[in-house]
Amino acid sequence: MGKINEYCAGIDVGKRFLLCCALTGAAQEEPQSQTRRFDATVPDLVHLRDWLSSKSITHVVMESTGSYWVPIFNILEGHFTILLANPEEVKNRKGHKTDRKDAEHLADLLRHDHIRASYIPPKPVRDLRDLTRRRLQLTQDASRERNRIEKLLEHVNVKIGNVLSDVFGVSGNSMLLALLDGDMAVERIAQLARGQAKQKITQLTEALEGHCMRDHERFLIWSSLRHLACLEEETEEMDGEILRRMQTLPFQEAFLLLQTIPGIGQLAAASILAETGTDLSPFPTAEKMASWAGLCPGNRESAGIRKGSQTTKGNPYLRSTLVQSAWAATRKRGSIFQLRFRELAPRRGQKRAIVAIAHQMLTVLYFMLSNNAPFRGADTVPQKHRRLRRAHHHLKCLRRLGLTVEVSGSLEDAPTTG
């Protein structure tokens, strides 16, 4: 049993109205309960705030039901300590569910401090989060438009996607525009290849020969291209606004610190700060933060049997950003993340290894932001350790064969150059 909140309230949130149950009374006494209904309009929400204040309420809890909790949070923020509960963790008993009982159940859990609150970042971080998530939506919409264009090309027997790695690169874009014009022969269209694609002119000619593109498909592709250009323009404006916010407090210093980590660029650093914020005090340890991000193994054990250790469901935006940054870090020559990936990938597979690298990056940035220190990842120490392990392994193999091996000096003093 945790501490007792003597003046607390639980709110069952709905789209048009809400029910609020207030519990007041000393910890050693039975609390007084009072439940009232309020509409979701601003004047009624103000009445709710005044009513809670008249009851001397200090803590308020509500479920994170879609976006319906946000208008209530806007009115109550700054006046009470607000806890946002995961609906899966505060479910009432089956068959005993009404709006009134849900509000009473939430209030009772809060009174006994049985609510694990979700992380609600400050207002500047929430604003930045809106921008970064909107940018992600724009890039996803752009990917869908590219997929639609490739699908239309398949429908008209244009197979340049089988030859070119990127249909929307310089070569692919030139060929696509020539196809849409409809005035050039297939051989001339294939001659528009640039760079390394010039070596595939024969394959490109075969991929274009015999296509059946009509004005109908040309109209649909032009529509997708116009939409794609609009999305790219909006993405550029969004990038400019995000980077402008990074030059202001409280993000400026943390933004520069994160970019010292291999694999994390400007937009990745902004996306990370939009999810975690600059103040990591809500996360007591790096392990807690990794669990919140969904980058640590889950605990599924019963009767002494482990039923799997799949990663937990956490913040999908932070997880995807760190995984993308981890892939970029593994391509950074000499970085500790690349060395770690090469050690794990042969044993655990690339997918599990990259999740482990993302977990390691999250741990690193946690201590960086907590201590306000830049990244100092030395690559010579891991290389030296790898050579020492290799030397010990070969010595052990020689001894197994019955050979006597004498080592002059210490292996630690051996040179680390190959």
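Model, not experiment: these values are computed from the prediction.

Regarding helix α5 (residues 170–181)
Inference 1: With 12 residues, α5 extends 17 Å from end C-alpha to end C-alpha; this agrees with the ideal 16 Å at 1.5 Å per step.
Inference 2: Regarding α5, the residues found buried are S171, G172, M175, L176, A178, L179 and L180.
Inference 3: Looking at the packing, one finds that the buried side of α5 touches α4 (123–155), α6 (186–190), α7 (201–208) and α8 (215–246).
Inference 4: Immediately beyond the C-terminal end of α5, within one or two residues, lies G182, with a positive phi of roughly 80°.

Here we look at the packing of helix α13 (residues 336–348) against helix α14 (residues 350–371)
Inference 1: Contact geometry of α13 with α14 gives a least axis separation of 8 Å together with a crossing angle of 145°. The handedness of the crossing between α13 and α14 is right-handed. On α14, the residues that touch I336, F337, R340, F341, L344, A345 and R348 of α13 are Q350, R352, A353, I354, A356, I357, Q360, M361 and V364.
Inference 2: For the contact of α13 with α14, the residue count by class is 11 nonpolar, two polar and three charged.

Quick look at the packing of aromatic side chains
Inference 1: By the definition in use, this model includes eight aromatic pairs.
Inference 2: Geometrically, the ring pair formed by W327 and F341 is edge-to-face, given 5.9 Å between the ring centres and 65° between the ring planes. With W327 in helix α12 (residues 316–330) and F341 in helix α13, the pair connects residues that are 14 residues apart, well separated along the chain.
Inference 3: In this structure W327 comes out as partly exposed when scored by relative accessible area, which is 28%.
Inference 4: Both rings, one in Y366 and one in F367, keep their centres 5.4 Å apart while their planes meet at 90°; by these two values the pair is edge-to-face.

Quick word on the nonpolar core
Inference 1: Membership of the largest hydrophobic core comes to 80 residues, with the highest contact counts inside it found for L153, I221, L258, I261, L273 and L365.
Inference 2: Looking at this core element by element, the count peaks at 11 residues for α14.
Inference 3: The contacts of L365, once residues within four sequence positions are left out, are L258, I261, I272, M289 and L322.

Examining the environment of A326
Inference 1: Looking at the secondary structure, you find A326 in helix α12.
Inference 2: When its relative accessible area of 0% is taken as the criterion, A326 is described as buried.
Inference 3: It is 43 Å that separates the C-alpha atoms of A326 and G210, two residues lying 116 residues apart in sequence.
Inference 4: Excluding its chain neighbours within four sequence positions, the residues that come into contact with A326 are I354, I357, A358 and M361.

Overview of the sheet that holds strand β2 (residues 17–24)
Inference 1: Across the sheet, five strands lie side by side as β3-β2-β1-β4-β5; this open sheet has mixed pairing. Whereas interior strands pair on both sides, the edge strands pair on one side only; in this sheet they are β3 (32–39) and β5 (81–85). The average angle at which neighbouring strand axes cross in this sheet is 20°, direction not considered.
Inference 2: In the sheet, strand β1 (residues 7–12) pairs with β2 via six bridges, with the strands oriented antiparallel. Bridging from a neighbouring strand, I11 pairs with C20 of β2.
Inference 3: Of the strands in this sheet, β1, β2, β3 and β4 (59–63) are in contact with helix α1 (residues 42–54), which crosses β3 at around 165°.
Inference 4: Taken strand by strand, helix α2 (residues 69–76) contacts β1, β2, β4 and β5, and its axis lies near 165° from that of β4.

About the criteria used
- Residues numbered from 1 in each chain as written.
- Predicted model: local features only at pLDDT ≥ 70, side-chain atom pairs only at ≥ 80, totals over all residues.
- Heavy atoms only, no water.
- Helix = DSSP H or I, 4+ residues; strand = E, 2+ residues; numbered from the N terminus.
- Expected span 1.5 Å × (residues − 1).
- Buried < 20%, exposed > 50% of the residue type's maximum accessible area, 1.4 Å probe, protein only.
- Contact = heavy atoms within 4.5 Å.
- Axes fitted to C-alpha atoms, helices over the stretch in contact; angles between N-to-C directions.
- Left-handed = near helix turned anticlockwise from the far one by under 90°.
- Nonpolar A, V, L, I, M, F, W, Y, C, P; charged D, E, K, R; others polar.
- Phe/Tyr/Trp six-rings, centres within 6.5 Å; stacked < 30°, edge-to-face > 60°.
- Core = buried A, V, L, I, M, F, W, Y, C linked by side-chain atoms within 4.5 Å.
- Pairing = 2+ DSSP bridges.

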